[in-house]
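Chain by chain, the residues:
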4 protein chains.
Amino acid sequence: MSHTIRDQAKLLARVRRLHGQTAALEKLLTNGTECSAVLQQIAAIRGAVNGLMGAVIEGHLSVHLVDEPDQAQRQQDLEVVLQVIKSYLK
Amino acid sequence: MSHTIRDQAKLLARVRRLHGQTAALEKLLTNGTECSAVLQQIAAIRGAVNGLMGAVIEGHLSVHLVDEPDQAQRQQDLEVVLQVIKSYLK
Amino acid sequence: MSHTIRDQAKLLARVRRLHGQTAALEKLLTNGTECSAVLQQIAAIRGAVNGLMGAVIEGHLSVHLVDEPDQAQRQQDLEVVLQVIKSYLK
Amino acid sequence: MSHTIRDQAKLLARVRRLHGQTAALEKLLTNGTECSAVLQQIAAIRGAVNGLMGAVIEGHLSVHLVDEPDQAQRQQDLEVVLQVIKSYLK
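Residues numbered from 1 in each chain as written. Chains lettered and ligands numbered in written order. Predicted model: local features only at pLDDT ≥ 70, side-chain atom pairs only at ≥ 80, totals over all residues. Heavy atoms only, no water.

### Points about the overall build of chain A
Link 1 in the chain: Regarding its fold elements, chain A presents four helices and zero strands.
Link 2 in the chain: The order of α-helices and β-strands along chain A, N terminus first, is α-α-α-α.
Link 3 in the chain: For 90 residues, the compact-globule estimate of 2.2 N^0.38 gives 12 Å, and chain A exceeds it by more than 25% at 17 Å.
Link 4 in the chain: Per-residue burial for chain A yields a buried fraction of 51% across its 90 residues.
Link 5 in the chain: Intrachain contacts of chain A at a sequence separation of at least 6 include 57% that bridge at least 24 residues.
Link 6 in the chain: Put simply, chain A shows about 3900 Å² of open surface, and 52% of that area lies on carbon and sulfur atoms.
Link 7 in the chain: On chain A, the mean spot of the 10 positive side-chain charges and the mean spot of the 9 negative ones are 7 Å from each other. (Helix = DSSP H or I, 4+ residues; strand = E, 2+ residues; numbered from the N terminus. Rg over C-alpha atoms; globule rule 2.2 N^0.38 Å. Buried < 20%, exposed > 50% of the residue type's maximum accessible area, 1.4 Å probe, protein only. Contact = heavy atoms within 4.5 Å. Areas by Shrake-Rupley, 256 points an atom, 1.4 Å probe, with all protein chains shown as cover. Lys, Arg positive; Asp, Glu negative; His and termini not counted. Charge placed at Lys NZ, Arg CZ, Asp CG, Glu CD.)

### Side note on the nonpolar core
Generally speaking, soluble globular proteins have nonpolar side chains that are buried together.
Link 1 in the chain: Counting residues in each nonpolar core, the largest one holds 100 residues, and the members touching the most others are I57(A), I57(B), I57(C) and I57(D).
Link 2 in the chain: Each residue touching I57(B), except ones within four places of it in the same chain, is listed here: L39(A), V81(B), V84(B), I85(B), I85(C) and L89(C). (Core = buried A, V, L, I, M, F, W, Y, C linked by side-chain atoms within 4.5 Å.)

### A word on the relation of the copies chain D and chain C
Between the two copies of this chain, the relationship is a rotation about some axis together with a displacement along it.
Link 1 in the chain: Mapping chain D onto chain C is achieved by rotating through 180° and translating by 0.0 Å along the same axis, at an RMSD of 0.0 Å. Those values place the two copies in the arrangement expected of a two-fold rotation axis.
Link 2 in the chain: In this assembly the copies share their binding face: 100% of the residues contributing to the interface of chain D also contribute to that of chain C. (Least-squares fit on C-alpha atoms with pLDDT ≥ 70 in both.)

### Quick word on the interface of chain A and chain B
Link 1 in the chain: The interface of chain A with chain B comprises 40 residues on the first partner and 40 residues on the second.
Link 2 in the chain: Together, the buried faces of chain A and chain B total about 3400 Å²; carbon and sulfur atoms form 74% of this surface.
Link 3 in the chain: Area buried by chain A at its contact with chain B is led by L29(A), L39(A) and R46(A), which between them contribute 19% of it.
Link 4 in the chain: Here chain A and chain B share two salt bridges between them.
Link 5 in the chain: Among the salt bridges present, the one from E26(A) reaches R16(B), with a minimum N-O distance of 2.7 Å.
Link 6 in the chain: Along the contact surface separating chain A from chain B lie 11 residue pairs in polar contact (both at pLDDT 80 or more).
Link 7 in the chain: With 16 residues, helix α3 (residues 35–66) of chain A is the largest single contributor of residues to the side of chain A that touches chain B.
Link 8 in the chain: Classifying every residue of the side of chain A that touches chain B gives 23 nonpolar, 14 polar and three charged. (Buried area = accessible area lost by both parts, 1.4 Å probe. Salt bridge = Lys/Arg side-chain N within 4 Å of Asp/Glu carboxyl O. Polar contact = N/O pair within 3.5 Å; in protein donor to acceptor, adjacent residues only side chain to side chain. Nonpolar A, V, L, I, M, F, W, Y, C, P; charged D, E, K, R; others polar.)

### As for helix α2 (residues 8–30) of chain B
Link 1 in the chain: Between its terminal C-alpha atoms α2(B) stretches 33 Å, which fits the 33 Å expected from 23 residues at 1.5 Å a residue.
Link 2 in the chain: For α2(B), the full list of buried residues reads L11(B), L12(B), V15(B), L18(B), T22(B), L25(B), E26(B) and L29(B).
Link 3 in the chain: Next to the buried residues of α2(B) lie α1 (3–6), α2 (8–30) and α3 of chain A together with α1 (3–6) and α3 (35–66) of chain B.
Link 4 in the chain: Just past α2(B), the residue G32(B) takes up positive phi, approximately 70°. (Expected span 1.5 Å × (residues − 1).)

### Some remarks on the side chain of S62(C)
Link 1 in the chain: In this fold, S62(C) is placed in helix α3 (residues 35–66).
Link 2 in the chain: Judged by relative accessible area, S62(C) falls into the buried class, the value being 14%.
Link 3 in the chain: Not counting chain neighbours up to four residues away, the residues in contact with S62(C) comprise L78(B), R6(C) and D67(C).

### As for the environment of D70(B)
Link 1 in the chain: Position of D70(B) relative to the elements: it lies in the loop between α3 and α4 (71–88).
Link 2 in the chain: Note: C-alpha distance between D70(B) and G51(B) (19 residues apart in sequence) is 29 Å.

### What to know about the packing of aromatic side chains
Given two aromatic rings, their pairing is described by the distance between the two centres and the angle made by the two planes.
Link 1 in the chain: Under the definition given, this model contains zero aromatic pairs over all chains.
Link 2 in the chain: For R46(B), the ring lying beneath its charged end belongs to Y88(A), and the centroid distance is 3.6 Å. (Phe/Tyr/Trp six-rings, centres within 6.5 Å; stacked < 30°, edge-to-face > 60°. Lys NZ or Arg CZ within 6 Å of the ring centre and 35° of its normal.)

### Some details on the relation of the copies chain A and chain B
Link 1 in the chain: After a rotation of 180° and a shift along the axis of 0.0 Å, chain A superposes on chain B with an RMSD of 0.0 Å.
Link 2 in the chain: Both copies share a contact surface, since 100% of the interface residues of chain A are interface residues in chain B too.

### Here we look at the interface of chain D and chain C
Link 1 in the chain: Of the residues lining the interface, 40 residues belong to chain D; the matching set on chain C comes to 40 residues.
Link 2 in the chain: Note on chain D versus chain C: buried area summed over both sides is about 3400 Å², and carbon and sulfur give 74% of it.
Link 3 in the chain: When the buried surface of chain D facing chain C is broken down by residue, L29(D), L39(D) and R46(D) rank first, second and third, together holding 19% of it.
Link 4 in the chain: Between the two partners, chain D and chain C, sit two salt bridges.
Link 5 in the chain: Put simply, chain D and chain C have 12 residue pairs in polar contact (both at pLDDT 80 or more) between them.

Geometric values such as these leave the question of function open.
Take a look at the structure:
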């Protein structure tokens, strides 16, 4: 079973919170709220996205690299996540 | 005029795109889509958030530090944005 | 006076520590030390580089944008630091 | 064989280049060079550290998670690298 299905409920809860945060940001901008509140809301959204990415990367590594018995499949699944990890190392 | 009001239309367009991306991510998870598509969608959302943050930081520095004639006000407005910049330098 | 001259002693102390950390990393690799120590040393070096960058960006913004009376000069000095800040927002 | 031994020559070459870059940064600061050159040199060092980290993470994942036949050992080696990956997701 893929980790995104195994962890579906937790991941959906994170995404719905993120959805709420972007709706709140839209309201701040629509209301012309001063910029430090806007900066803080974007920083909070960034934290939520990084937390979500961390959870999915951890799930991927543990299900598809640790728990996967077939070495060739592990190699294939490494390539999927390596690109995303390296995008954070720029 | 605050930069978040000056740039309101452009910033709102970015936030609405981001809102659409999170809705699309929710659908991928609800449909049990395989994880590499989920990873790529989160990476795209991360890119959108970073782009949005870059636009707001640039607006803040140019309106509140370059265009602002009063040095004490510039100092105050530096502190607002410095915390956010340093959060990226962890 | 440029901030890198104003803060020269503090910045040089940071760079010499960083220099020592890279020498220590070289020794870990030469001695074939197991990889978790190598990973931790690189993470420590990354933290030192980010701290150094934060100090120089803060110095640049405060000396060249807050304390600088001439608006055109402030605009020029914004462009110098904006590229570096945006490189962290990728 | 640990990946840091397997890749020793390549990793040492990267570290020695990094060592040279920090020595060059020290000279820029000692000579009171203007700050945009200092900012660029720190950005170059940051890129070198991130490249080094990416190479070691990739080596760790491929040797200790893909090539390692024992699942319990794979689990142990996941924890070593997960902390470092998550430090980039802050």
